Amino acid sequence: MARRKAGSSHTTISITWEDKELFRRFAKLVKKTRNGEMYESDSAVFHKILEEYVKDHSSETEAHSTYPTKDA
């Protein structure tokens, strides 16, 4: 399971800039402000993409660590 600091609600995920630019194509316009257009946050876009992914991969029921672990 993922490790996290107590009281922390968000994490940082490292991705390439190329992937981030592709990712941001899916952000929807939220509103227009006097400073310009405001789009959905990366967090909101990630959540929507993850929801769609889960629909096609519902058999995955256990969370896995991305860090190497030793078997006991």
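Residues numbered from 1 in each chain as written. Predicted model: local features only at pLDDT ≥ 70, side-chain atom pairs only at ≥ 80, totals over all residues. Heavy atoms only, no water.

1. Observations concerning the overall build of the protein
Within the protein, the regular secondary structure consists of 2 helices and 2 strands. From first element to last, N terminus to C terminus, the protein shows the α and β order α-β-β-α. Rg of the C-alpha trace for the protein: 16 Å, well past the compact-globule value of 11 Å for 72 residues, more than 25% over. By principal-axis analysis of the C-alpha atoms, the protein measures approximately 60 × 30 × 25 Å. (Helix = DSSP H or I, 4+ residues; strand = E, 2+ residues; numbered from the N terminus. Rg over C-alpha atoms; globule rule 2.2 N^0.38 Å.)

2. A short note on the pattern of salt bridges
One pass over the full model with this rule turns up 5 salt bridges. When the shortest N-O distance is used, the salt bridge between Glu-37 and Lys-32 registers 3.7 Å. Salt bridges sharing partners connect three or more residues here, namely Lys-20, Arg-24 and Asp-42. (Salt bridge = Lys/Arg side-chain N within 4 Å of Asp/Glu carboxyl O.)

3. Description of the environment of Asp-71
As for its position among the elements, Asp-71 is in the segment after helix H2 (42-56). Sequence separation between Asp-71 and Glu-18 is 53 residues; the distance between their C-alpha atoms is 36 Å.

4. Some words on a nonpolar patch on the surface
Taken together, the side chains of Ile-13, Ile-15, Phe-46, Leu-50, Tyr-53 and Val-54 make up a nonpolar region of the molecular surface, amounting to roughly 580 Å² of accessible area. The residue Ile-15 is located in the segment before helix H1 (17-24) in this model. (Patch = residues over 30% accessible without salt bridge, like charges linked within 9 Å, V, L, I, M, F, W, Y side chains within 5 Å. Areas by Shrake-Rupley, 256 points an atom, 1.4 Å probe, with all protein chains shown as cover.)

5. Section: the pairing of strand E2 (residues 36-39)
Along any regular strand, the residues point their side chains to alternate faces of the sheet. With 4 bridges connecting them, strand E1 (residues 29-33) and E2 associate as antiparallel partners. Paired with Thr-33 across the two strands is Gly-36, which belongs to E2. Between the antiparallel neighbours E1 and E2 lie 2 residues. (Pairing = 2+ DSSP bridges.)

Bear in mind that shape data such as this cannot, by itself, settle questions of function.
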